[in-house]
Amino acid sequence: MPSEPTFAPPRSAVFWITGLSAAGKTTVGRGLADRLRVLGRPVLYLDGDVLRSIVAGGDRYSRADRLDLAHRYGRLCREAASQGIDVVCATISMFDAVRAWNREHIPGYCEVYLRVPIEELKRRDTKDVYRNTTDVVGLDLAPELPKTPDVLIDNFADMTPARAVQTILESTAIPAGTLGAWPPPST
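Rules behind the numbers
Residues numbered from 1 in each chain as written. Predicted model: local features only at pLDDT ≥ 70, side-chain atom pairs only at ≥ 80, totals over all residues. Heavy atoms only, no water. Helix = DSSP H or I, 4+ residues; strand = E, 2+ residues; numbered from the N terminus. Buried < 20%, exposed > 50% of the residue type's maximum accessible area, 1.4 Å probe, protein only. Contact = heavy atoms within 4.5 Å. Areas by Shrake-Rupley, 256 points an atom, 1.4 Å probe, with all protein chains shown as cover. Pairing = 2+ DSSP bridges. Polar contact = N/O pair within 3.5 Å; in protein donor to acceptor, adjacent residues only side chain to side chain. Arc of directions from axis to C-beta. Salt bridge = Lys/Arg side-chain N within 4 Å of Asp/Glu carboxyl O. pLDDT = per-residue confidence, 0-100. Core = buried A, V, L, I, M, F, W, Y, C linked by side-chain atoms within 4.5 Å. Axes fitted to C-alpha atoms, helices over the stretch in contact; angles between N-to-C directions.

## Remarks on the overall build of the protein
So, point 1. Tallying secondary structure elements over the protein gives six helices and five strands in all.
So, point 2. The order of α-helices and β-strands along the protein, N terminus first, is β-α-β-α-α-β-α-β-α-β-α.
So, point 3. Classification of the 187 residues of the protein by burial places 45% in the buried group.
So, point 4. Pairs at least 24 apart in sequence give 75% of the contacts found in the protein among residues at least 6 apart.
So, point 5. About 9,400 Å² of surface is accessible on the protein, with carbon and sulfur atoms providing 53% of the total.

## Some remarks on the pairing of strand 5 (residues 151–154)
So, point 1. Burial along strand 5 is one-sided: Val151 and Ile153 are buried, while Leu152 and Asp154, pointing the other way, are not.
So, point 2. Pairing of strand 4 (residues 109–115) with strand 5 involves four bridges; the strand directions are parallel. Residue pairing in the sheet places Arg115 in a bridge with Asp154 of strand 5.

## Overview of the side chain of Thr91
So, point 1. Mapped onto the elements, Thr91 comes out in the loop between strand 3 (86–90) and helix 4 (96–105).
So, point 2. Residue classification places Thr91 among the buried residues on the basis of a relative accessible area of 3%.
So, point 3. Looking at Thr91, its side chain comes within polar contact range of the side chain of Ser93, at 2.6 Å.

## Some remarks on helix 4
So, point 1. Considered for burial, the residues of helix 4 that qualify are Val98, Arg99, Trp101 and Asn102. An end-on view of helix 4 places all buried positions within 160 degrees of arc, on one side of the element.
So, point 2. For helix 4, the elements touching its buried residues are strand 1 (14–18), helix 3 (63–82) and strand 4.

## So, the environment of Met159
So, point 1. Checked against the element boundaries, Met159 lands in the loop between strand 5 and helix 6 (161–170).
So, point 2. Given a relative accessible area of 16%, Met159 falls into the buried group.

## Some remarks on the pattern of salt bridges
When the charged atoms of two side chains with opposite charge come close together, those side chains can pair.
So, point 1. Under the criterion given, the structure shown has 14 salt bridges.
So, point 2. Note that Glu120 is salt-bridged to Arg123, the shortest N-O span being 2.6 Å. Of this pair, Glu120 and Arg123 both sit in helix 5 (residues 118–124), three residues apart, roughly one helical turn.
So, point 3. Through salt bridges that share partners, Asp96, Arg99, Arg103, Glu111, Lys147 and Asp150 make up one connected network.

## Side note on the confidence of the model for the protein
So, point 1. Confidence in the prediction of the protein, expressed as mean pLDDT, is 84, and 78% of residues score 70 or more.
So, point 2. A low-confidence stretch, residues 176–187 (pLDDT under 50), is modelled with twelve contacts involving residues beyond four sequence positions or located in other chains.

## Concerning the nonpolar core
So, point 1. One finds Phe15, Leu32, Leu36, Val88, Val112, Ile153 and Ile168 to be the most contacted residues of the largest nonpolar core, which totals 29 residues.
So, point 2. Elements that contribute at least two residues to this core include exactly strand 1, helix 1 (25–38), strand 2 (43–47), strand 3, strand 4, strand 5 and helix 6.
So, point 3. Judged by nonpolar contacts, the second largest core, of 18 residues, contains Leu46, Tyr73, Phe95 and Tyr109.

## Focus on the sheet that holds strand 4
So, point 1. Here we have five strands laid out as an open sheet, ordered 2-3-1-4-5, and parallel in their pairing. Looking at which strands have only one partner, the edges of the open sheet turn out to be strand 2 and strand 5. Here the strands of the sheet are splayed against their neighbours by 15 degrees on average, with no regard to which way each runs.
So, point 2. Sheet contacts for helix 2 (residues 48–56): strand 2 and strand 3; angle to strand 2, the most-contacted strand, approximately 80 degrees.
So, point 3. Docked against the sheet, helix 6 engages strand 1, strand 4 and strand 5, running at close to 160 degrees with respect to strand 5.

## A short note on the pairing of strand 2
So, point 1. Of all five residues in strand 2, four are buried; the element is thus mostly enclosed.
So, point 2. Direction of pairing for strand 2 relative to strand 3: parallel, over a ladder of five bridges. Along strand 3, the bridge assignment pairs Leu44 with Val87.

So this is what it looks like as structure tokens:
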């Protein structure tokens, strides 16, 4: 865990949670959005699979299609954040050009990379993504892995979703005293 925050969100932040399929983006992203809401911050959670169905209007899985969609997601995140809303976007979007655009154009951009070995991804694969042999990022589509994420989480072995969320928040300048216990107790 970093000794000092590596990311200081302005009025709003965009948490771009990236990793290959089955890396835990949705679980960690939802957990982060929930935690930010507990802190009293307005939050928009965007999931790549849901965004694809809304924005793409069908199956678009080629490299060019994925690049186009990732750019659209970045612009959508920027627009929401410009209105004072924290955005948590869980998306594969493994393109250097997209991450560079995000860094340049989105104030409060925080890139979170969930790194998981391919064998673990295959083991977790509930969508049978890795059984498919065409247009799979990490198999036949080479990913452009993040080189300098703001937060790098090895999301396997003893890493839990709660610890991943805590790691992200501890890497920000959100006041530590407002973090509280997470996950909240069950009712």
